2 protein chains.
Amino acid sequence: MKADALRGHLDPMILAVVEHEPLHGYAIMEALLERSGGELDLPTGTLYPALRRLERAGYLASEWSTVGGRKRRTYQLTSAGAKMLAAGKQEWVTFRAVVEGVLRPGQA
Amino acid sequence: MKADALRGHLDPMILAVVEHEPLHGYAIMEALLERSGGELDLPTGTLYPALRRLERAGYLASEWSTVGGRKRRTYQLTSAGAKMLAAGKQEWVTFRAVVEGVLRPGQA
DNA sequence: CCTCATAAGTAGATTGGCTACATGTTGCCT
DNA sequence: AGGCAACATGTAGCCAATCTACTTATGAGG
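Everything quoted here is computed from the prediction, not taken from an experiment.

A. Structural context of the sheet that holds strand β1 (residues 23-24) of chain A. Residues and elements named next belong to chain A. Pairing in this open sheet of three strands is antiparallel, and the strands run β1-β3-β2 from one edge to the other. The sheet is open, and its two borders are formed by β1 and β2 (60-67), each paired with just one other strand. By the bridge criterion, eight bridges tie β2 to strand β3 (residues 70-77) in an arrangement that is antiparallel. Bridging from a neighbouring strand, Glu63 pairs with Thr74 of β3. Sheet strands touched by helix α3 (residues 44-56): β2 and β3. Its angle to β2, the strand with the most contacts, is close to 125°.

Shown next, in the form of structure tokens:
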């Protein structure tokens, strides 16, 4: 999968994995890998800045903890984040319809 | 629809509209608008550079003509372009599976 | 002791879609 | 006749998100 195919789609995906339980960055990486069937192996240089950005934007809230001598920053969805996630899901449906309308994949 | 949701998905879409008939730039714009149900209204500053890029890459070939006093540059798919289009369609299927696996839109 | 998995980050390059601008024709409306 | 919408093509420069490559640190297992 090409690098910037993700562009603009990563944010809702990150929000989605913390929808039902707060997770720390590394666990978010693993959750994305697992949910995508091994396709989505984000470099840390993508994920961590994205998390900071989402927190600055008010969609995530974080707090530090220490587990087994390791520091973790755990992120949870805010109510603004939940709204953004819902909007993102809706936008995905539209986007998919646009791409498939143009590509007409039935004629592949 | 967000601006850079398109990132990395525009190229196959452009190739798709000239798959069965050569079209000039303006007609490609209109075809994208029509096939997307009015959602995909590309600015000329996006489309024309993209067409140049696709031609430089060998996926499109162009020639000039004059119709009703107006100059047109008509693009057609090359065989390399056809291969790229097929690959792009396949990549889209993968990409869609990844996003939907993460988003789980059934739980919206 | 060394290396892998866990854990979090930064700096800097890339890149492609965007806004805004530039140019010219045809045809319709007033 | 004047003006504006639609037709038609393009460039310059901005911006933001993802990437590569690097840094730091702990715990566990060989």
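That was the structure; now back to the text.
B. Main features of the protein's contact with DNA strand C. Lining the immediate surroundings of DNA strand C are 31 residues, of which Gly25(A), Gly45(A), Gly45(B), Thr46(B) and Gly69(B) lie closest. Contributions of two or more residues to the surface near DNA strand C are made by α2 (25-35), α3 and β3 of chain A together with α3 (44-56) of chain B. Of the residues in the surface near DNA strand C, the class split is 12 nonpolar, 10 polar and nine charged.

C. Summary view of the relation of the copies chain B and chain A. The two copies are related by a screw motion: chain B maps onto chain A through a turn of 180° and a shift of 0.0 Å along the axis, at an RMSD of 0.1 Å. Here the transformation between the copies is reduced to the relation of a two-fold axis. Closest approach to the rotation axis among the C-alpha atoms of chain B is made by Arg7(B), whose C-alpha sits 3.0 Å away. By residue overlap, the copies meet face to face through one surface: 100% of the interface positions of chain B are interface positions in chain A.

D. Representation of the protein's contact with DNA strand D in the model. Close to DNA strand D lie 31 residues, the nearest being Leu10(A), Gly45(A), Thr46(A), Gly69(A) and Gly25(B). The greatest single-element share of the surface near DNA strand D, amounting to six residues, is contributed by α3(A).

E. View of the nonpolar core. Membership of the largest hydrophobic core comes to 48 residues, with the highest contact counts inside it found for Leu15(A), Val102(A), Leu15(B) and Val102(B). The residues contacting Leu15(A), other than those within four sequence positions of it, are Tyr59(A), Leu77(A), Gly81(A), Met84(A), Leu85(A) and Gly88(A).

F. Structural detail: the sheet that holds strand β3 (residues 70-77) of chain B. Residue and element names in this part refer to chain B. Strand order across the open sheet formed by three strands is β1-β3-β2, with antiparallel pairing between neighbours. Whereas interior strands pair on both sides, the edge strands pair on one side only; in this sheet they are β1 (23-24) and β2 (60-67). Bridge count between β1 and β3: two bridges; the pairing is antiparallel. Along β3, the bridge assignment pairs His24 with Thr74. The sheet contacts of α3 involve β2 and β3, and relative to β2 the element is tilted by about 130°.

G. Quick peek at α3(B). Over its 13 residues, α3(B) extends 18 Å from the first C-alpha to the last, a length consistent with the 18 Å expected when each residue adds 1.5 Å. A positive backbone phi angle near 90° is found at Gly58(B), which sits one or two residues after α3(B).

So, how was this worked out
- Per chain, residues are indexed from 1 in the order of the written sequence.
- Chain letters start at A and ligand numbers start at 1, both assigned in the order the entries are written.
- Reporting of local features is limited, given that this is a predicted model, to residues whose pLDDT is at least 70; pairs of side-chain atoms are given and counted only at 80 or more, and all residues count toward the totals for whole chains, interfaces and linings.
- Pairing between two strands is assigned when DSSP locates at least 2 bridges connecting them.
- Under the DSSP-based scheme used, a helix requires at least four consecutive residues in state H or I and a strand at least two consecutive residues in state E, with every element numbered from the N terminus.
- For the purpose of contact definition, each residue receives a C-beta atom placed from its backbone, and two residues are in contact when these atoms lie within 7 Å.
- What counts as an axis is a line fitted to C-alpha atoms, over the stretch in contact for a helix, and the angles between N-to-C directions run from 0 to 180 degrees.
- Here, nearness is defined through the C-beta atom: a residue counts as near a molecule or strand if that backbone-placed atom lies within 6 Å of it.
- We call Asp, Glu, Lys and Arg charged. Ala, Val, Leu, Ile, Met, Phe, Trp, Tyr, Cys and Pro are nonpolar, and the rest, Gly among them, are polar.
- For this overlay, a least-squares fit was computed on C-alpha atoms, restricted to residues scoring pLDDT of at least 70 in both copies.
- Remark: nonpolar core denotes a set of buried Ala, Val, Leu, Ile, Met, Phe, Trp, Tyr and Cys residues whose joining runs through C-beta atoms within 7 Å.
- Working definition of burial: number of other C-beta atoms within 10 Å of the residue's own, with buried at 20 or more, exposed at 12 or fewer, and partly exposed in between, all C-beta atoms being placed from the backbone.
- Under the convention used throughout, the expected extent of a helix is 1.5 Å for every residue step, that is, one less than its residue count.

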